Each structure stands twice: as C-alpha cells, then as structure tokens.
Amino acid sequence: MRVAFLGLGAIGRPMAVRVAARHPTVVWNRTGERAAEVARETGARLAETPRDAVLDADVVITCLPTSKEVEALLPGADGLLAGMRKGATLADCTSGDPASSRRIAARLAEAGIGFLDAPVSGGTNGAEAGTLTVMVGGTAEGLERARPALESFGKTIVLMGPVGTGHAMKSVNNALLAVNILAVGEGIAALVKAGVPARTALEVLNVSSGRSFVSENLVVERVLTGAFPNTFRLALLQKDVGIATELARDMGVNGPMLALAHRLYGEARAALGEDADYLEAIKVIERQAGVEIRG
Ligand code: NDP
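The structure presented is a predicted model; accordingly, all values stated were derived computationally and were not measured. (Residues numbered from 1 in each chain as written. Predicted model: local features only at pLDDT ≥ 70, side-chain atom pairs only at ≥ 80, totals over all residues. Heavy atoms only, no water.)

Trainee: Would you take a moment to explain unusual backbone geometry for this structure?
Mentor: Negative phi characterises most residues that are not glycine, and trans characterises most peptide bonds. Even without a glycine there, the phi angle at Phe228 is positive, about 40°. Among the secondary structure elements, Phe228 is positioned in the loop between α11 (213-223) and α12 (234-250). Note on Phe228: relative accessible area 8%, which makes it buried. (Helix = DSSP H or I, 4+ residues; strand = E, 2+ residues; numbered from the N terminus. Buried < 20%, exposed > 50% of the residue type's maximum accessible area, 1.4 Å probe, protein only.)

Trainee: I would appreciate a short explanation of the side chain of Glu286 in the present structure.
Mentor: Among the structural elements, Glu286 can be located in helix α14 (residues 281-289). For Glu286, a relative accessible area of 4% corresponds to the buried category.

Trainee: Looking at this structure, how should I read the site of the ligand?
Mentor: Close contacts around the ligand come from 25 residues, with Asn29, Thr31, Arg34, Pro65 and Thr231 the closest. Contact between the ligand and Ala10: an oxygen atom at 2.9 Å from a main-chain N or O atom of the residue. Protein chains shield 87% of the accessible area of the ligand, which is 910 Å² for the free molecule. Elements supplying a minimum of two residues to the shell around the ligand: α7 (123-129) and α12. In terms of residue class, the shell around the ligand is built from 9 nonpolar, 10 polar and 6 charged. (Near = heavy atom within 4 Å. Polar contact = N/O pair within 3.5 Å; in protein donor to acceptor, adjacent residues only side chain to side chain. Areas by Shrake-Rupley, 256 points an atom, 1.4 Å probe, with all protein chains shown as cover. Nonpolar A, V, L, I, M, F, W, Y, C, P; charged D, E, K, R; others polar.)

Trainee: I keep staring at the pairing of strand β6 (residues 114-117) and nothing clicks. Help me out?
Mentor: Two faces, one strand: in a regular strand the side chains alternate between the faces of the sheet. Residues of β6 alternate between two faces, with Gly114 and Leu116 on one and Phe115 and Asp117 on the opposite face, all of them buried. Across 4 bridges, strand β5 (residues 89-92) lies against β6 in parallel orientation. From the neighbouring strand, Asp92 faces β6, where its bridge partner is Asp117. At this point the chain moves from β5, through helix α6 (residues 98-110), to the parallel β6, and the crossover so formed is right-handed. (Pairing = 2+ DSSP bridges. Right-handed = clockwise from strand over helix to strand, strands pointing away.)

Trainee: I tried to follow the packing of helix α1 (residues 12-22) against helix α2 (residues 32-42) on my own but got confused; where do I start?
Mentor: Relative orientation of the contacting elements α1 and α2 amounts to 35°, with a least axis distance of 10 Å. Judged by the sense of rotation from one axis to the other, the crossing of α1 with α2 is right-handed. Counted together, Arg13, Val17 and Ala20 of α1 and Arg34, Glu37, Val38, Glu41 and Thr42 of α2 form the full contact between these two elements. (Axes fitted to C-alpha atoms, helices over the stretch in contact; angles between N-to-C directions. Left-handed = near helix turned anticlockwise from the far one by under 90°. Contact = heavy atoms within 4.5 Å.)

Trainee: Just to check I follow, could you spell out a nonpolar patch on the surface for this structure?
Mentor: Taken together, the side chains of Val158, Met160 and Met169 define a hydrophobic patch exposed on the protein surface, amounting to about 220 Å² of accessible area. Its relative accessible area of 36% is what places Val158 among the partly exposed residues. (Patch = residues over 30% accessible without salt bridge, like charges linked within 9 Å, V, L, I, M, F, W, Y side chains within 5 Å. Salt bridge = Lys/Arg side-chain N within 4 Å of Asp/Glu carboxyl O.)

Trainee: I would appreciate a short explanation of the pattern of salt bridges in the present structure.
Mentor: Side chains bearing opposite charge may pair, as long as their charged atoms lie close to each other. Going through the model one piece at a time under the given rule, you end up with 14 salt bridges. A salt bridge links Asp58 to Arg2, with the shortest nitrogen-to-oxygen separation between them at 3.6 Å. Of the two residues, Asp58 is situated in the loop between α3 (50-54) and β4 (59-62) and Arg2 in the segment before β1 (3-6); the sequence distance between them amounts to 56 residues. Its relative accessible area of 40% is what places Arg2 among the partly exposed residues. Here Arg40 and Glu33 are joined by a salt bridge, their closest N and O atoms 3.1 Å apart. You can call Arg40 exposed: its relative accessible area is 60%. Note on Glu33: relative accessible area 44%, which makes it partly exposed. Residues joined by salt bridges that share partners form a network here, namely Arg2, Asp58 and Arg85.

Trainee: Whenever I open this one, the packing of helix α9 (residues 165-193) against α11 confuses me. Can you help?
Mentor: Between two packed helices, what matters for the description is the angle formed by their axes and the separation of those axes. Where α9 meets α11, the axes come as close as 10 Å, and the angle between the chain directions of the two elements is 75°. In terms of orientation, α9 and α11 fall into the roughly perpendicular class. Each of Leu177, Asn180, Ile181 and Val184 in α9 lies in contact with α11, whose residues at this interface are Val214, Ser215, Leu218 and Val219. The residue makeup of the contact of α9 with α11, split by class, is 6 nonpolar, 2 polar and no charged. (Parallel < 35°, antiparallel > 145°, perpendicular 65-115°, else oblique.)

Trainee: Where do I start with the state of the cysteines in this structure?
Mentor: A covalent bond bridging the sulfur atoms of two cysteines is what the word disulfide describes. The tally for this structure, following the rule as stated, stands at 0 disulfides. Cys93 provides the cysteine sulfur closest to Cys63, a residue in no disulfide bond, and the two sulfurs are 6.0 Å apart. Looking at Cys63, the relative accessible area reads 12%, which means it is buried. Residue Cys93 is classed as buried on the basis of its relative accessible area, which comes to 2%. (Disulfide = S-S within 2.5 Å.)

Trainee: I'm lost on the nonpolar core in this one. Help?
Mentor: Nonpolar side chains in soluble globular proteins tend to be buried together. One finds Ile181, Tyr265, Tyr278 and Ile293 to be the most contacted residues of the largest nonpolar core, which totals 34 residues. Within the residue set of this core, elements represented by two or more residues are α9, α10 (198-205), α11, α12, α13 (257-272) and α14. Here the element with the most residues in this core is α9; it accounts for 10 residues. Setting aside anything within four residues of it in sequence, one finds Tyr265 in contact with Ala178, Ile181, Leu182, Leu234, Leu237, Gln238 and Ala281. Counting residues in each nonpolar core, the second largest holds 30 residues, with Ala20, Ile61, Leu116 and Ala149 among its members. (Core = buried A, V, L, I, M, F, W, Y, C linked by side-chain atoms within 4.5 Å.)

Take a look at the structure:
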C-alpha cells in the first residue's frame, strides 16, 4: 500500500513516522523543512506540492488544524484533486466538522475517490506508541481499504457510521475532556485554598468516585509537576468544543454545559494566545483563584 501523509504538526508527525515504517510513504507539509526532516528520518519521499504527494497513493492521510484547511487543499493545479487517482481513499485524521466532511466526500466521490473522516484520540504519546483510537465515518468497504495505513498508528479503529460521524464522536470526546479539565481545576484550586495539599487532594480523588483521566493522568503528570508540556494547542481544543456545541444544537440538545465550555475556552484562548497548551486553561483558574496546584 502506498501512502501519502500531509500535515506534520504535533500529532501528524509521529503518526507519519509510524506510517513510513510500514508502508512506502510520501510526505508533504506547508512548512517544507518539517517534511524534509521526516523524510530524512524515515526514508519517506519528500513532495513539493499536495498534488505531487498523492500521485501514486492508494491512501492519502491529512492531519491539519480544521476541515477548512483540508477543503482548501483540494482545488487548483497543485491540489489533491489534481493528483489523486480514481479508487484511492482520503482518510482525514483532522479533528474536523461533520458538515465540511460531507461536502468534501461528495466532491471526491464525483472523481471516484473515497473519503473517511478518521480523527484520532490518544495524544502525541499515543501517536508515538501506535496506540491511538481512530473514530471513522464512512463505509465499511472504505475503512477496509484504508485499514492497513490506519493500523500504523491506531490500536482501536471503530466505524462510527456514515461520513461525519467520526468527527461528531471526536468532538464530543474532546468537549467532555474540556469540561472535565475546568471542573477538576476549579475543584482542586478550592481544596488547596481550603488548606488541603494538592497532591493529597489528588491521591484521595483518584481512589474516589470523582476521578477521571484528567485527575489521574493529566493533572498529576503535568500540573502538579508544573511541567505543562506543549502537546495539544488550546486553540484546537476550543475548536473541538465548538464543533460539539454546534452538533448538540443541530440535534436539538440545548443544554448549557458545552456552550459554556466553548465560551470559557474562547476566553482562555484570547488570554493565552494561539500557541498555548490546552492544560494552561488550569493556569487561568489558578490566576483567578490566586493559588497554584503544585506539589
Ligand atoms: P499543529 O498545530 O501542531 O499542526 C498543524 C499542521 O497543519 C501543521 O503541519 C501545519 O503546517 C499544518 N497547517 C496549518 N495550516 C495549514 C494550511 N492552511 N495549509 C496547509 N497546512 C496547514 O496541530 P496538531 O498536529 O496538534 O493537530 C492536527 C489535528 O489533529 C487537529 O485537528 C487537532 O485537533 C487534532 N488532534 C491533535 C492532538 C494532539 O495531541 N496534538 C490529539 C488528537 C487530535 P506548518 O508546519 O506549516 O505550520
């Protein structure tokens, strides 16, 4: 199977490295030096344009910030549509939005090209380890065609339903992550101010019913230590919460939780900037509360 991988950002890069270890791979990135590095590291071929990258590909994987950037890659003399062959499949690992994906799928179908929305969960560590969860929207046959490429980085690969449902699932997952980060941050900040050491609070929480992935892993490893590594931009998480909020609204589910989280992450994004890491949302809470969750 010949694979083209486009978009070598924080998570795309380790995914592409794993693909290149298993399949003949061509890489492209907007900032060419990043793709050149991956090509040097893995032996993948370096492409100058998206069209050049996909000419021989059976499966094309994109991993860009939003569906907007994916859609913008389709047209033009250097675009994906100018290069992809009939019968090939585009698997979009971007955490995109369902409506754009349905539009992209329809456009590709006119050219005899398959489409899957295939967003991933598991973070940059999961990408390096090849243990990502892949949430797929599309047909069962389309998934089988792309599966060998997706298995390079995915441990759990699940067909959610038709095109768009992978993105819907991913947005809800990330919206729940986002809500939980704020809730854990507020709760622990209050406990620290009440005189409970942060580490003790987390030790007790993590053997009690309020525990979560956020409290067991993220806060212990990245907040208590003060490490706050840059692995996933807060701007991208806010985008995901926005997609989930819109999905809920479209489905007639009008509760306040997702919309409130979207607003709060929007405020954090404005305060911290486009490059801040998502867990820095807790720093906003700490600043407001006048306390740090460390220990
Ligand atoms: P980054 O911001 O680190 O990387 C974005 C990538 O997209 C870069 O390769 C960038 O190129 C490229 N890009 C940006 N704008 C354009 C454009 N207009 N045209 C072409 N290429 C463009 O993002 P991540 O790698 O973290 O995330 C990628 C996707 O994966 C997002 O949808 C995100 O929500 C999702 N995701 C991320 C996770 C993570 O832990 N980081 C986890 C799960 C999902 P350049 O190098 O030139 O800037």
